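The chain contents come next:
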Amino acid sequence: MSQLKVNSIIPIAGLSGGASGGIIQTVQKIKTDKSTVNVAQGATDDIGSTGLNPQMALSNSSNKVLIMANVSVGVDMTGTIYMTLTVGGNAVTFRGDADGNRQRCSSATRPGSSGSMNTVAAVFLYSPGNTNTLTYSVAFGHANDQTQAIRINHQGGTNVNFNATAASSITLMEVSG
């Protein structure tokens, strides 16, 4: 026998009476194939062109988007990898303050060894303030003095059983304002 148990049912237009927090829609983009982007020293490169680029239009301009990014990256260096959330190819406000020449990012990881793979994650409640269809993605930078290949969903090295491929995703949830 099947049962459906709920504490509440939220209308698609959101909660009434000025309440907020209901989930109106969810969009998820999953990437399981491999891609590589070459990122120059001091630069960032948006990886939306690799297919990790969900789109969402809010049903009400006062609503927000909960962005959850989980991206697996491999590099041939031991320096830090920086990830920045982007909307329409531009960095969102969820990143560190400007501080001289330091790169600003949403989150970072430092591989333990060259050729390793790490997962970088970021979660942010974003307020676009409009109902336009927007494209969400991430951009990567690194702490090395030369161009680096940032490998999405795979690590460097040969095709052997001690190397791996991974999956990445960006999930968007419209939250009533």
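Residues numbered from 1 in each chain as written. Predicted model: local features only at pLDDT ≥ 70, side-chain atom pairs only at ≥ 80, totals over all residues. Heavy atoms only, no water.

**What to know about the environment of Thr36**
Link 1 in the chain: By the element assignment, Thr36 lies in strand β2 (residues 35-39).
Link 2 in the chain: Separated by 39 residues in sequence, Thr36 and Val75 have C-alpha atoms that sit 9.7 Å apart.
Link 3 in the chain: A polar side-chain atom of Thr36 sits 3.4 Å from a polar atom in the side chain of His154. (Helix = DSSP H or I, 4+ residues; strand = E, 2+ residues; numbered from the N terminus. Polar contact = N/O pair within 3.5 Å; in protein donor to acceptor, adjacent residues only side chain to side chain.)

**Quick word on the pattern of salt bridges**
Link 1 in the chain: One pass over the full model with this rule turns up three salt bridges.
Link 2 in the chain: Here Asp33 ties to Lys31 by a salt bridge, and the two come within 2.7 Å at their closest N and O atoms.
Link 3 in the chain: Among the residues examined, Lys31 registers a relative accessible area of 2% and is labelled buried.
Link 4 in the chain: The partner of Asp76 in a salt bridge is Arg151, and the shortest N-O contact between them spans 2.8 Å. Of this pair, Asp76 sits in the loop between β5 (64-74) and β6 (81-87) while Arg151 sits in strand β11 (residues 148-152), placing them 75 residues apart in sequence.
Link 5 in the chain: According to the relative accessible area criterion, Arg151 is buried, its value standing at 14%. (Salt bridge = Lys/Arg side-chain N within 4 Å of Asp/Glu carboxyl O. Buried < 20%, exposed > 50% of the residue type's maximum accessible area, 1.4 Å probe, protein only.)

**Topic: the confidence of the model for the chain**
Detail in the predicted coordinates should be disregarded across regions flagged by low pLDDT.
Link 1 in the chain: Chain-level pLDDT for the chain is 88 on average; 89% of the residues reach the 70-or-more range.
Link 2 in the chain: The secondary-structure element of the chain with the lowest mean pLDDT is strand β3 (residues 45-46), recorded at 87, while strand β4 (residues 55-57) shows the highest, at 97. (pLDDT = per-residue confidence, 0-100.)

**Things to note about the packing of aromatic side chains**
Link 1 in the chain: One pass over the full model with this rule turns up three aromatic pairs.
Link 2 in the chain: Here Tyr126 and Tyr136 contribute two aromatic rings whose centre-to-centre distance is 6.3 Å and whose plane-to-plane angle is 80°, an arrangement assigned as edge-to-face. With Tyr126 in strand β9 (residues 117-126) and Tyr136 in strand β10 (residues 133-142), this residue pair connects regions lying ten residues apart in the sequence. When sorted by exposure, Tyr126 lands in the same class as Tyr136, which is buried.
Link 3 in the chain: An aromatic cluster is built from Phe94, Phe124, Tyr126 and Tyr136, whose rings are joined through pairwise contacts. (Phe/Tyr/Trp six-rings, centres within 6.5 Å; stacked < 30°, edge-to-face > 60°.)

**Digging into the nonpolar core**
Link 1 in the chain: Residues Val71, Tyr136, Val138 and Phe140 are the most contacted members of the largest nonpolar core, which totals 30 residues.
Link 2 in the chain: Contributing elements (two or more residues each) for this core: β2, β5, β6, β9, β10, β11 and β12 (168-175).
Link 3 in the chain: Here this core gets five residues from one element, more than from any other, and that element is β5.
Link 4 in the chain: Among residues more than four places away in sequence, those in contact with Val138 are Asp45, Asp46, Ile47, Gly48, Ala69, Val71, Met83, Thr84, Leu85, Thr86 and Ile170. (Core = buried A, V, L, I, M, F, W, Y, C linked by side-chain atoms within 4.5 Å. Contact = heavy atoms within 4.5 Å.)

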